[in-house]
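Structural overview
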Amino acid sequence: MTARLEIVEPPELGRPRGYANGVLVPAGRRLLLVAGQIGWNGEQKLVSADFAAQFSQALANVLAVVRQAGGMPADVARLTVFVLDKGEYAAARAELGRRWHELMGRHYPAMSLVEVRGLLEPGAKVEIEATAAVP
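Since we're looking at a predicted model, the values are computed, not measured.

1. A closer look at the nonpolar core
- Counting 23 residues, the largest nonpolar core has Phe55, Leu79 and Ile128 as its most contacted members.
- Among the elements of the structure, strand E3 (30-38), helix H1 (51-68), strand E4 (76-83), helix H3 (93-104) and strand E6 (126-134) are those that each provide at least two residues to this core.
- With 8 residues, H1 is the largest single contributor of residues to this core.
- The residues touching phenylalanine 55, leaving out its near neighbours within four places in the chain, are Val81, Tyr89, Leu96, Trp100, Val126 and Ile128.

What follows is the structure, encoded as structure tokens:
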């Protein structure tokens, strides 16, 4: 069994909520770079116009790539979440938290949230890219 990812939390930064400040990848892991995933299904159709539903599907799509490479949710080291409206993200936080726990459990990688003017796919409200360290 390979070593787990190590969470790095400098005390002077305070305790983060819902993310890690840093994640250290142990030797012997392979880095997997996951392209931005949106909330669409296998037919490449958006699952809903609802922000939380799109977020959940986008994260599930990220995890499908991670699993295909031999990893699991706990192997995700970093996520970048691109949203059209950070207010919509903030308004959905409780529901996003519930859906997060269904998919990721209590694992929180290093994360960034970026508000963007647009995404490539019409109707997409969120896109998630990831870096995972798979055994």
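Having seen the model, we can carry on.
2. Quick word on the environment of valine 76
- Structurally, valine 76 is set in strand E4.
- Residues valine 76 and alanine 58, 18 residues apart in the sequence, show an inter-C-alpha distance of 14 Å.
- Not counting the four nearest positions on each side in its chain, valine 76 is found in contact with Leu5, Leu63, Val66, Met104, His107, Pro109, Ala130, Thr131 and Ala132.

3. Side note on the sheet that holds E6
- Strand order across the open sheet formed by 4 strands is E3-E6-E4-E5, with mixed pairing between neighbours. Sheet topology places E3 and strand E5 (110-115) at the edges, where each strand pairs with a single neighbour. Sheet twist, expressed as the average angle between the axes of neighbouring strands with direction ignored, equals 10°.
- Summarising the sheet, E4 and E6 pair through 7 bridges and their orientation is antiparallel. Paired with threonine 80 across the bridge in E6 is glutamate 129.
- Most of the contacts of H1 go to E3, to which it runs at about 150°, and overall it touches E3, E4 and E6.

4. Description of unusual backbone geometry
- Of note in this structure, glutamine 44 is not a glycine but carries a positive phi near 60°.
- For glutamine 44, the location among the structural elements is in the loop between E3 and H1.

5. A short note on the pattern of salt bridges
- Inspection of every chain in the model, using the stated rule, returns 5 salt bridges.
- Residues lysine 125 and glutamate 88 are paired through a salt bridge, measuring 3.2 Å at the closest nitrogen-oxygen approach. Note that lysine 125 is positioned in the loop between E5 and E6 and glutamate 88 in helix H2 (residues 86-91), a separation of 37 residues in sequence.
- Put simply, arginine 98 and glutamate 102 hold a salt bridge, and the shortest N to O gap is 2.4 Å. Highlighted residues: arginine 98 and glutamate 102, both in helix H3, separated by 4 residues, approximately one helical turn.

6. Quick word on the packing of aromatic side chains
- Applying the stated rule across the entire model yields 2 aromatic pairs.
- An angle of 90° between the planes, with centres 6.3 Å apart, marks the rings of phenylalanine 51 and tyrosine 89 as edge-to-face. Of this pair, phenylalanine 51 sits in helix H1 while tyrosine 89 sits in helix H2; the two residues are 38 residues apart in sequence, bridging distant segments of the chain.
- Residues tryptophan 100 and tyrosine 108 carry aromatic rings whose centres are separated by 5.9 Å and whose planes lie at 0° to one another, so their mutual orientation is stacked.
- Looking at tryptophan 100, the relative accessible area reads 7%, which means it is buried.
- Residue tyrosine 108 is classed as partly exposed on the basis of its relative accessible area, which comes to 23%.

Rules used throughout
Residues numbered from 1 in each chain as written. Predicted model: local features only at pLDDT ≥ 70, side-chain atom pairs only at ≥ 80, totals over all residues. Heavy atoms only, no water. Core = buried A, V, L, I, M, F, W, Y, C linked by side-chain atoms within 4.5 Å. Buried < 20%, exposed > 50% of the residue type's maximum accessible area, 1.4 Å probe, protein only. Helix = DSSP H or I, 4+ residues; strand = E, 2+ residues; numbered from the N terminus. Contact = heavy atoms within 4.5 Å. Pairing = 2+ DSSP bridges. Axes fitted to C-alpha atoms, helices over the stretch in contact; angles between N-to-C directions. Salt bridge = Lys/Arg side-chain N within 4 Å of Asp/Glu carboxyl O. Phe/Tyr/Trp six-rings, centres within 6.5 Å; stacked < 30°, edge-to-face > 60°.

Everything listed here is a matter of geometry and, on its own, says nothing about what the molecule does.
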